[in-house]
Each structure stands twice: as structure tokens, then as C-alpha cells.
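What the coordinates show
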2 protein chains.
Amino acid sequence: MPRFFVPPSALVGDLVTLEGEQAAHAKALRLAPGEEVTLCDGAGTDYRCTVSSLQSGQLTLAVQQSMPSCTEPTLRVSLYLGFPKADKLEHVIQKATELGAFEIVAFPCARSVSRPDGKSLAKKLERWQKIAASAAEQSGRGRIPQVLALDSFDQAVCRAAQADWSALFYENERQCSLRRAWEGRAIRSAAIFTGPEGGLTEDEVAQARAAGMAVCTLGPRILRCETAPLCALSALMYAADELA
Amino acid sequence: MPRFFVPPSALVGDLVTLEGEQAAHAKALRLAPGEEVTLCDGAGTDYRCTVSSLQSGQLTLAVQQSMPSCTEPTLRVSLYLGFPKADKLEHVIQKATELGAFEIVAFPCARSVSRPDGKSLAKKLERWQKIAASAAEQSGRGRIPQVLALDSFDQAVCRAAQADWSALFYENERQCSLRRAWEGRAIRSAAIFTGPEGGLTEDEVAQARAAGMAVCTLGPRILRCETAPLCALSALMYAADELA
């Protein structure tokens, strides 16, 4: 069923009107009067609606029933990744949204080649947030993960370490697996942390460890910088029994 | 360290000469005499070598030491996926290779839009195998996963069901999770099975179930056809303690 996110303020009364890109999307889907659509307020509630009318640039929906969204993981996983090249970050945003990430946080590392800032960053954040919104609609999420960009590695470590549990994945770590670091914890928030194309430096890893983060391996195979966070996220969701 | 796959027959004596694409790759990496390179015979043995000479189109290596490859998972996971569009299949081949898949098997489903066959398929298989080889080198695998294309869904089900354990992931399954289906098994081979863009049909799912495959959910979020197999593979590798 098509799914659209709307701000809670749009859900007043029994009729909701969508315009702009959402109306254009509805037209592309050839929605006809009577067909069902789900609206989601991005804050935990879904609304089953039927199409009342679809005119040029305006989709009007009649709200039939509200119900709690049931697709959000209980565990809030924040995915921290060192700025990779642009296309890889976009890929990770789309996939991590499907896989249930709570938020996606990018930051510059010593070996990041890409370091967007200022005006370029503002434009990119807008684009990244749109990618997350579109993936959230397509995958049936109950909220759109926020995409954030931090100014520095230090900030990223401080923020990630505030989660109930946090782990950094490092290709030179040989001892500690995610399985061992995780061990069936009952917590509400987790942060997973991966590096850019060139990897994290030893200093960066030491800094994260000092801040209380677990330093883990994802196995002996070297994963690309866009593969590691999605592998870690999938594994953690499995470990936390969220793939059920 | 750069890594090249060579056929076991190339590893006779203490000097090995690489030509063609591998020599070109070595040149692109600006390898200099004395630098270390790993050769892998794709059958479980790595050879630590040093560069003897790199001339136009010819890289000569001196073998220093042989040792067992230590990056192959113990569990052999075959990834079966209904033909998606071409770019998605290439993506899955690259990522599944990094993540340790034993082989990647594509096949037509009722809802597959892409159904390469004949001459076009032969060319594509060659390309897919190259993608797997390149990802295997980059991720440090001990073997190159084979990429296979089967003629029919029936063939795929029969072949997948021969694994020690096999599971199909279906978006309409609500009860059985991978965790429940897996339950810490000690086996040698597993098959995971996912559908194309439009999903699997109920008939296809029933056929797989009848053949003995577990039918599982990956959670309430709808995953794209290229995301589902990689999520399932990552989760299974975690479950089997292969991310250590």
C-alpha cells in the first residue's frame, strides 16, 4: 500500500490534502478514488485512508482509521560513519533506513577524502534527508531517520558514546567480535561506528576506546566502507531480535 | 597488501609471472621491486611473495612462504536470488562476496523482469564472475565465489534444498524469524533464498516450503530485493559466529 509521511499538524479532521511532490508521486502511482493509502505522522501513528480525489497537484484523502506504527525497531540504532565519497554515503543512507536505523550521522575522519562543509553541506543534507524519507516510505517505516553531519571526529565520539551501548568496527581488531561485545543486552539505544575508505587511524580507534566504546571486528574479510556499516547494522538487528 | 588469484598450476617453482589484467593492475598500484604481494590459489592456500620485477605487461614474483588462507567462513552459504535488474545483481555479487558467500545463484522467478538467456547470459556470467573475482581480491577471500545462473525456479528450489539447511525470506511471512529457524545449528552448508523486485508469488513460496525450506521473515520493514539477501547473509554470518 502506498505510504506518505505527513507532519502531525496535517492530520486535523477527517480529510487530508497532499500537494507538491507527494501529489505528483500519487499521480505517478495512478491512484484512483477509493484506493487505500497509509499516512504516517513520523511519530508512531499510521492512518489508513482512502483516496477522495486526485486532481492536478492535489490529492485529497479521507482518514478511516488510526493505529500505532508497528514497523519501528525497539532498539534505537544510530549509525555513525566517517564521510565516504558522496555516492557511497547516499547508498548507506538508503539501505540503513530500510534496515531500521534510528539516525545516520556522518563526520570527517583523518582519512576522509570527502569533507563537505558550509553551503555545500546544507544542500547535501537536504538531499540526504530526502533519500531517507523516500526509503522510509518505501520500506514502511514509522519514522524518517534523521541524517546529521557533525563537524569533527571528536564530536562524533562524544555523541556516540552517550548511547546505552556503542561499538566501533576496526579492520585491525582481531579479538573482540560483535557477538562478544553485545552479549544479549537489554538496552534502548546503540551506536555503531565505522570509518571512511582509507579506514580509521590507530589514534582515532584509541580515542573511541577511551570514550568507552567497544572496538570490534566484523571478521577476517576486509569490508568496503559502505558494506561494513550495513553488515554491522544487519547483525545487530539480528542480535537484538529485531528481524522478527 | 595487494592480493591476486592465480590457478594452482601457476604456482610451480619459486618464481611466478603474472600477465594481462593482473600485470596492468600491479602497474596501476605502482608496485616496486621488493614490495610484498599475496598470491592465492583459490583453493585454500595463500603465498606471500615479493616483487622481483615489473616490466611492461609482466609482473614477476618470488614466493617466500605459503600458508593456509584464514579468511574463508567455515559455513558455506549459497545465496540464491531471483533475477533482479542487472545493476542490482552486480551490486549483490560484489557485496555478497565481501560478506563471505560461498556461491551466488541467480534464477528466473514468475515476477522477474530481467531473464537473460543464451548468448547474452554467457556474456553476463563472464562479467559477473569478474566482479566476484575483483571483490574476492579486495576483501582478502581465500576463494572466488562461483556465480551461477539456473534455468528455472524449480531448479533453484531443488538445488537450494540440498544444503544442510535452507531458508527462503518472504515479506508476507509474519511468524518465523531467521533466529527461530536457525537456532544455533552446527552444519556445513546453508542456502538463503530471496525474490526479485516484485517479490515471490505464494505458489513459489509454497513450492519452496514443500521442498523442505524454512520460510522466514526479516522483520516488518519491506526490504528492497538487493537489500534482503545482504541483510540475511550478514545476519546468518553473525548467527553462525563467522563475523569473528
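By the naming in an unreviewed UniProt entry, chain A is Ribosomal RNA small subunit methyltransferase E, taken from Candidatus Avoscillospira avicola. According to the UniProt record, the Function (unreviewed entry) comment for chain A reads "Specifically methylates the N3 position of the uracil ring of uridine 1498 (m3U1498) in 16S rRNA. Acts on the fully assembled 30S ribosomal subunit." UniProt lists a comment for chain A under the heading Subcellular location (unreviewed entry), and it reads "Cytoplasm".

Observations concerning the overall build of chain A
Counting its regular elements, chain A contains seven helices and 11 strands. A compact globule built from 244 residues would reach a C-alpha radius of gyration of about 18 Å, and chain A, at 20 Å, matches this within 12%. By its C-alpha atoms, chain A is 60 × 40 × 30 Å across when sized along the principal axes. Relative to its 244 residues, chain A shows a buried fraction of 55%. Nonlocal contacts in chain A, meaning residues at least 24 apart in sequence, comprise 73% of its contacts between residues at least 6 apart.

Concerning the interface of chain A and chain B
Contacts between the two partners involve 37 residues from chain A, matched on the other side by 37 residues from chain B. Taken together, the two surfaces of chain A and chain B that pack against each other cover about 3400 Å², and 54% of this comes from carbon and sulfur. On inspection of chain A and its partner chain B, the count reaches six salt bridges. Between Glu98 of chain B and Arg224 of chain A there is a salt bridge whose closest N-O contact spans 3.6 Å.

With respect to the relation of the copies chain A and chain B
After a rotation of 180° and a shift along the axis of 0.0 Å, chain A superposes on chain B with an RMSD of 0.0 Å. Taken together, the rotation and translation describe the operation of a two-fold axis. Ranked by how close their C-alpha atoms come to the rotation axis, the residues of chain A are headed by Ala235 of chain A, at 2.3 Å. The overlap is high: 100% of the interface residues of chain A also sit at the interface in chain B, so the same surface is used on both sides.

Comments concerning the sheet that holds strand β5 (residues 58-68) of chain A
Residue and element names in this part refer to chain A. Read from one edge to the other, the open sheet built from five strands follows the order β1-β3-β4-β5-β2, with strand pairing classed as mixed. Looking at strand neighbours, the two that pair on one side only are β1 (3-5) and β2 (15-19), the edges of this open sheet. The average angle at which neighbouring strand axes cross in this sheet is 40°, direction not considered. Sheet topology note: the β1/strand β3 (residues 36-40) ladder contains three bridges and is parallel. In the strand pairing of β3, Phe5 is matched with Cys40. Contacts from helix α1 (residues 20-28) reach β1, β2, β4 (45-55) and β5, with the element oriented near 95° to β2.

Let's talk about the sheet that holds strand β5 (residues 58-68) of chain B
Residues and elements named next belong to chain B. The five strands are arranged β1-β3-β4-β5-β2 in an open sheet whose pairing can be described as mixed. Strand pairing shows two members of the sheet lacking a second neighbour, β1 (3-5) and β2 (15-19), which therefore form its edges. Across the sheet, the mean angle separating the axes of adjacent strands is 40° when strand polarity is ignored. Relative to β5, β2 is paired through five bridges, and the arrangement is antiparallel. Residue pairing in the sheet places Glu19 in a bridge with Gln58 of β5. Docked against the sheet, helix α1 (residues 20-28) engages β1, β2, β4 (45-55) and β5, running at close to 95° with respect to β2.

Calculation criteria
- Residues numbered from 1 in each chain as written.
- Chains lettered and ligands numbered in written order.
- Predicted model: local features only at pLDDT ≥ 70, side-chain atom pairs only at ≥ 80, totals over all residues.
- Heavy atoms only, no water.
- UniProt positions renumbered as here; feature names shortened; annotations may be inferred.
- Helix = DSSP H or I, 4+ residues; strand = E, 2+ residues; numbered from the N terminus.
- Rg over C-alpha atoms; globule rule 2.2 N^0.38 Å.
- Buried < 20%, exposed > 50% of the residue type's maximum accessible area, 1.4 Å probe, protein only.
- Contact = heavy atoms within 4.5 Å.
- Buried area = accessible area lost by both parts, 1.4 Å probe.
- Salt bridge = Lys/Arg side-chain N within 4 Å of Asp/Glu carboxyl O.
- Least-squares fit on C-alpha atoms with pLDDT ≥ 70 in both.
- Pairing = 2+ DSSP bridges.
- Axes fitted to C-alpha atoms, helices over the stretch in contact; angles between N-to-C directions.

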